Amino acid sequence: MSYHANGHEITVNFPVNSISSNKNSIAFTDSQGKNKTTFTKRTEALNFMKWLISSNK
């Protein structure tokens, strides 16, 4: 699946095994390995993390 933010596409290969956040960055491990995405605003990072959690079912 893909997540679109600020004209960028973030591809996530579910299932996601772990998620961690630090300020504007979200790191996650999916079926393809470790990934880290940095957003310009904290709210964007939180929205992405909520999307990861809700889509990981």
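Thresholds, definitions, all that
- Sequence positions are assigned chain by chain, starting from 1 and proceeding in written order.
- At least 70 in pLDDT is required for a residue's local features to be given in this predicted model, at least 80 for side-chain atom pairs to be given and counted, and no such filter applies to totals for whole chains, interfaces and linings, which use all residues.
- Water and hydrogen atoms play no part in the side-chain values, which are based on all heavy atoms of the structure.
- Definition of nonpolar core: a set of buried residues of the types Ala, Val, Leu, Ile, Met, Phe, Trp, Tyr and Cys, connected through side-chain atoms within 4.5 Å.
- Working definition: with a 1.4 Å probe on protein chains only, accessible area under 20% of the residue-type maximum means buried, over 50% means exposed, and in between means partly exposed.
- Helix and strand assignments come from DSSP, with helices taken as H or I runs of at least 4 residues and strands as E runs of at least 2, each series counted from the N terminus.
- The contact definition used throughout considers only heavy atoms, calling two residues in contact when any of these lie within 4.5 Å.
- Any two strands between which DSSP finds at least two bridges are classified as paired.
- Only the contacting stretch of a helix is used when fitting its axis, a line to C-alpha atoms as for every element, and angles between N-to-C directions run 0 to 180 degrees.

### Section: the nonpolar core
Part 1 of the argument: Formed by 13 residues in total, the largest nonpolar core has its most connected members in Val12, Ile26, Phe39, Phe48 and Leu52.
Part 2 of the argument: Looking at this core, the elements with two or more residues in it are strand 1 (2-5), strand 4 (25-30) and helix 1 (42-55).
Part 3 of the argument: A per-element tally of this core places helix 1 first, with five residues.
Part 4 of the argument: When residues no more than four places from it in sequence are discounted, the contact partners of leucine 52 are Val12, Phe14, Val16, Ile19, Ile26 and Phe28.

### Considering the sheet that holds strand 5 (residues 33-38)
Part 1 of the argument: The strand order across the open sheet built from three strands is 3-4-5, with neighbouring strands paired in antiparallel fashion. The sheet terminates laterally at strand 3 (18-22) and strand 5, the two strands that pair on one side only. Ignoring which end each strand starts from, the neighbouring axes of this sheet average 15° apart.
Part 2 of the argument: Strand direction decides the pairing type here: strand 3 and strand 4, joined by five bridges, are antiparallel. Bridge pairing in strand 4 links serine 20 to alanine 27.

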